[in-house]
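# What the coordinates show
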Amino acid sequence: MKRILIYSLLLAILGFACTDLEEELYDKIPEDSYHENDEQIANLGIKVYTSLTNLIDDGGWWFLAQELTGDGFCGPTRAGDWEDGGKWVEMHRHTWGNNTEGVNRMWSAMYDGVTNANQTLDLLNKLTSNEAIEAKKSEMKLMRSFYYYLLIDNYGDVPYLTSAESAPEFPFKLKREKIFDSLTTTVEGILPNLKLEDSKYLATRYMAYALLAKLYINAEVYTGTPQWAKAEMYIDSVMTGPYSLSNDVLEPFVTDNENSSEIIFSIAFDENDAQGFRLHMRTLHYQHNLKYDMLVGPWNGLCITPDLWNSYTSDDIRKDAYNIYGQQYASDGSEIIDGGTEEPLIIHPVLPALVMTQDLGFTLDQIRNTGARVQKYEIAMGAKENLSNDFPLFRITDFYLMKAEVMIRQGGDGAGDAYITPIRTRAGLGAASGFGLDSLLLERGKELYVEGHRRQDLIRFDKFTDPWWEKGGEYEGTSDDPSVELFPIPKWATDANDNLLADPQ
Amino acid sequence: MNFLNLRFLKALFTGILLITASVAFSQHTVTGTVNDMDGNTLPGVNVTIKGTTVGTITDVQGQYKIDVPGNDAVLVFSFIGYSKEEITVGGQKTIDITLMPDIEALSEVLVIGYGTMKKEDKTGAVSQVTAEELNGGVVTDAIQTIQGRTPGVTITKSGGDPNAGFAVRVRGANGYGAGTSPLYVVDGVPGVDPTTVAPEDIKTFDILKDAASTAIYGSQGANGVIIITTKQGTSNKSDGNEFVSNVNFNSKISLDYTANRYDMMDASELRNYVQTIADATGSNVEDIFNDGGSNTDWQDEIFRTGVTSSNNISFSGGNKKSSYYASATHANWEGVMKGTSKERTIGKINVNHSGIDDKLRIQGSLSGTIEHNDYENYDGWDQDDIIYQALSRNPTDPVYTENGGYYEANRVFNYQNPLKIINKIQNERDAQRFYGMMKADLELVENLITSARVGFTQNDYVSNYFKPANTLASGNPGDGRKQYGMDNQKLLELTASYSKEIGQHSLHGVGGYSWQENYYEGFYAQGESPISPSIGINNLQNFIDINYEDIGSWAGSSRLIGFFGRVRYDFNKKYYASASLRRDGSSKFGENNKWGWFPTFAAGWRIDKEQFMADLSWLDMLKLRASYGVAGNQDIGNYRSLVPWELQGPGINPLNGETVINIGAAWNKNPNLQWEETAEINIGIDFGLLNNRISGSMDVYNKTTTNLLGEVPVPVPPNLASTTFMNSGELRSYGFEFFAEGYVYDRPSFKWKSAISLAHNTTKVIDLGEGFDEGEVSKRGWISGRGLVGDQNWVLGILEGEEIGSFYLPVYVTLLDGDFVYLSESGGYTTELSKAKRQVVGTAAPDLEFGWHNTFTFYDNWIVEVSFRGMVGNDIYNATEMLFDATTNIPDLNGLPSAVDWYEEGRTNAPSLADFYV
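Reference entry: report on the structure contained in this document. (Residues numbered from 1 in each chain as written. Chains lettered and ligands numbered in written order. Predicted model: local features only at pLDDT ≥ 70, side-chain atom pairs only at ≥ 80, totals over all residues. Heavy atoms only, no water.)

## A word on the sheet that holds strand S7 (residues 97-98) of chain B
Adjacent strands of a sheet form backbone hydrogen bonds with each other and so pair up, either parallel or antiparallel. All names here are of chain B. Here we have three strands laid out as an open sheet, ordered S4-S1-S7, and mixed in their pairing. Two strands close off the open sheet at either side, each with one partner strand: strand S4 (63-68) and S7. Two strands pair when backbone bridges link them, and strand S1 (residues 28-35) and S4 are joined in this way by six bridges, in the antiparallel orientation. Considered in S4, the bridge of His28 is made with Val68. (Pairing = 2+ DSSP bridges. Helix = DSSP H or I, 4+ residues; strand = E, 2+ residues; numbered from the N terminus.)

Now the structure itself:
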């Protein structure tokens, strides 16, 4: 019996010595050691900018949703390709629901940006304040405001949270106009802390002016009350900055566009380290890899609508500069042969229909080779699946046209001609004369093609619910329904938080 | 099936001698009666003359009559459940005999957690499958040998890929967030990969099914426990110090075919369809279709007859002190899909030694496995998924061009020649697995045995992937990747067991401590644009294009600690009771909840031993069992309770445009993360009938799994990351299991042994837990394919009150303007999937699983096995039909003939979900 006791005791001792269940982390940083050094603190806010890279392609859908819901750009069904469950066609026809891919992903991508900014702010608030930290906080608040600008622009009333730590578990929506007020107040309040310099990836004071200009020019849409004078004030602030129109319409869109004189704020893209810009893959023909010596085959999809194509006059420089059409040649000068028709590849610029299949009577040539493709963003020789061109979110040309717009709105037709003329003459066209809102909207469509402005513009000019090409009228899809001016809050989000269904606060 | 059967030859020689002998003596008749110990007569007993096939059986009164060739003849009396008796006739005319119960049969030993017990003493739901009962044939994994043998154990595998593993579920899947595979214990070491054990080396499988049996493994027991005991060297043929040795050799070969091919259109059917649409639209055929000019059956091109072979040699031997068992097994599986194969070699040594007057016993085991795998991708619809590419590829396209190259075309995005994919892409893996175990038992004082066991397993693998430039029709720069991974497990267990019998009371106790640590690490390197296709992945400097994230590595560890004890008691082998308790800790759980308690209680009652049952002579055994236990599950990834900050890829520093690396939260922390628990009640009956000629058992159970572990999506903000691992939700499973085996026919010349197993399990969701409101669905069973985009393409729904595996689908009503019309959520009709009302239209869970195994033995030497196993009442969603019955991709791609029928009905929509695909 004694030996049993001794043995049990031994076992018990061993047991206590070997009850260590602490988890040892090897390839991740433990909560209590982060941040390990000053560099990690300095890099804190970078994720907020990195979140921007999701906005362009189908990870975050913002760019696609702004352009494909408009009258100039579309994703036609080409037999078995680009049907994709109807997700492209329903953007054009405004028949999306609260469970559509674009609606779902845009929400996540934008709130990712907000959350990253709030988390950084929470961490910065814990550090001993100094000038650099205060400047960083202002930068983060500006970036957060940018994401909220996208959120209220696309979704209207949304939850407005300014801290990650103290956020309620199930937040309610806040009215769009209240968020608008808070955004303008916040950004105006931090202006002195922001760097007044031309730094295209950074949330600078010029970027803040540009954001305020965008908020105020859309004030009527966001709040019901126009604020053209305030908009004009901030447009002027941007225009007094170190930016100027370039002579070449394509200069802001070249592969190495980080030094463009036009760009105020852009998303930094790199084919390796900052991926997410794949417009060339979506637009180029399957065999266009031969033209650009690409090692990957593009997907033969997105293209211009007949409406926009037909609106370009033949002397408009932008028609050839922005679009790929006609017979296509490989980089060595030989004719490209289309793999479907086995004939020389000729891109016919006018798209015959939004949905093209053989059993609807379309030929292989129509299905595969129609609709002018986008070359506004330079496609580098040897391009990979991602482009290295930065994506300009704010560029000075837009502000010229915005200046013209607020002048027309405050002074009547023709009041903004002086700011439209430089844009037109650069495009090889005559000076603007007596431009009203309709001609300005058309000019914006031709100039700012595939830059992510179209949906917002059509809404501000009250044309978004008009029928066009294959939307409304004789075609499927909604027109005259103002509810499409906002995307619904995704179903997954309202499923996770019932409070999002309640009336906004 | 023995390759060489020496026994058969021996029997033949004895037969010849006997025939010669019989000439010398006159024949006479012997009669007699056969009784059992209690004096009951035994009908059906085999009475044969030794060495011949001459024999008879006893009648209902237990009487027999047989002509014997002479006085030297030996009568053999044999009967299932009784020891065989041999009696030399001598001059006797009447031979009455009493057969004794076969002690060995009754004392079959079950291996249970941390101990063994006699089969007749069991109180929980434990099944055993012994070596003789294992499924024959060439098997890819040892677990396949018990497929259909044990009710309540579902073993499935899809497709003809030898590299695909088996899904094993004991009494249904207990959850959906954490792992649902049972715990494997090999020779006492938990957590061993069962594929490292050669089927030929296995002595028994013991399957612990109810929580009362599994909870001694606490944390790891909730999904059932499968204990594999390997063969040891035998010493029972030796009378002492003499060393007796055996050699066994086994060789098997088998062929595999594809059972079902898809009925895709052939080239002429496709051409007819093109003509039809050309006529309908007034187009020229040449304008709408590019005819490849050939006639190819792409399934013939990618499928083949797979040849599979297995060879095993084993040596064993021993004397009373020492024994050994050593074996080597080599198997090679060729998949029915070209480009898939697996080759595996397993070497194993088991050694036993006893000393200090048998008070010390030492057992050691070493095994090593080397495996080579050749893979193809086939379960998606990417460029390199060969089944999708073959099914969808245009049958008018030839395989090769006129000058012998691969024919390529550019009909649609992602259109690839599957033969080129199979032959050009290298996708291989080499793995080595090591297993070592040592155990020492010391009888410290009488009846008290203390044991220490150490175990170590390590798995290493290297995988190589290489895709040369221009493998794809659309062009590709070429890429390659080399990856190395390793995981190991260290185990220490200290136990003490005590057994005592006082009069009619018998007591067994065991207690112990268990410590287990797992560690894993690995790294990879990859690149694009190789300069040399022949160097491939063998020199990574071959790749010119290398970027951030082209190298990477990982490492992690977890620990499990347990204290446990169990007491078993029986009174006169009539009343049984047992209880156990385990206190288990896992490093994976939150700081507030690392430890959990796992108690069990069980009782048994041998009803047949009661006075009132004594008259039922046909009933040999009837035991009622009842058990209750709580077992746990901790099968989730590591660090899930912490907020680990992880590297989240590169970003551009806006200040200077330089690349930096972002850091972010992997998931949210949850200091309360704890055990998933399964509480189970099991009631069972064991029976033996007609002198144990038929025996079996029946079990019913009801188990409730609470605190289900899962990754719950949470809103960001307010959370740091979009997922938190938490415990929430509840499941309930109930079902029954029936097993019976016996001899249908039992003669020396021919025996027919039959075993039947039946099982039913229902698993219902009681509570979906966090993140789901009343009436909400957890979406599962996502289908991907061309044209299926968006988040509606799921077919399985987990709903409260419904079975797990329920098909939850929109209800098709009719075709309208070419679209599917469904019932809508608002009560009307809709063509939009997202607005369609879904309902449960079937379940993947079967109503009944059955197995029926028959073993026919001819002349004791030739064995034929016939087995049936299957499921009844389970539904299947025909995703292939759905993906290929729409005309949207035809004629550029191929489809099913049903697509043409749909076309004629006017359908124009893309592949869409519908209830009728179930």
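## Focus on the pairing of strand S3 (residues 263-267) of chain A
All names here are of chain A. A large share of S3 lies buried, amounting to five of its five residues. Sheet topology note: the S3/strand S10 (residues 391-395) ladder contains four bridges and is antiparallel. Residue pairing for S10: Ile263 is matched across the bridge by Arg395. (Buried < 20%, exposed > 50% of the residue type's maximum accessible area, 1.4 Å probe, protein only.)

## Some points on the sheet that holds strand S39 (residues 777-782) of chain B
All names here are of chain B. The strand order across the open sheet formed by four strands is S39-S40-S41-S45, and the pairing between neighbours is antiparallel. The open sheet has two free edges, formed respectively by S39 and strand S45 (838-843), since each of these has just one partner strand. Averaged over all neighbouring strand pairs, the angle between strand axes comes to 45°, with direction disregarded. Pairing of S39 with strand S40 (residues 794-799) involves five bridges; the strand directions are antiparallel. Bridge assignment links Val777 to a residue of S40, and that residue is Leu799. (Axes fitted to C-alpha atoms, helices over the stretch in contact; angles between N-to-C directions.)

## A word on the packing of helix H4 (residues 267-281) of chain B against helix H10 (residues 897-905) of chain B
All names here are of chain B. H10 packs onto H4 with a crossing angle of 15° between their chain directions and a minimal axis gap of 10 Å. One element, H4, and the other, H10, form an angle in the roughly parallel class. Once H4 is placed against H10, the crossing between them reads as left-handed. In contact with Glu269, Tyr273, Thr276, Ile277 and Ala280 of H4, H10 contributes Pro897, Val900 and Tyr903. Residues of the contact of H4 with H10, tallied by class, amount to six nonpolar, one polar and one charged. (Parallel < 35°, antiparallel > 145°, perpendicular 65-115°, else oblique. Left-handed = near helix turned anticlockwise from the far one by under 90°. Contact = heavy atoms within 4.5 Å. Nonpolar A, V, L, I, M, F, W, Y, C, P; charged D, E, K, R; others polar.)

## A word on the packing of aromatic side chains
In this structure the tally under the stated criterion is 66 aromatic pairs over all chains. For the ring pair Phe253(A) and Tyr377(A), a centre distance of 5.3 Å and an interplane angle of 85° mean the geometry is edge-to-face. In this pair, Phe253(A) is assigned in the loop between helix H11 (228-239) and S3 and Tyr377(A) in the loop between strand S9 (373-374) and S10, connecting sequence segments 124 residues apart. Here Phe253(A) and Tyr377(A) have matching classes, each one buried. For the ring pair Phe916(B) and Tyr917(B), a centre distance of 4.5 Å and an interplane angle of 45° mean the geometry is tilted. A residue is classified by how much of its surface remains accessible, and Tyr917(B), at 4% relative accessible area, is buried. An aromatic cluster is present here, built from Phe807(B), Tyr812(B), Phe820(B), Tyr822(B), Tyr877(B), Trp902(B), Phe916(B) and Tyr917(B) joined pairwise through their rings. Over the aromatic face of Trp468(A) sits the side chain of Lys471(A), whose NZ or CZ is 4.0 Å from the ring centroid. (Phe/Tyr/Trp six-rings, centres within 6.5 Å; stacked < 30°, edge-to-face > 60°. Lys NZ or Arg CZ within 6 Å of the ring centre and 35° of its normal.)

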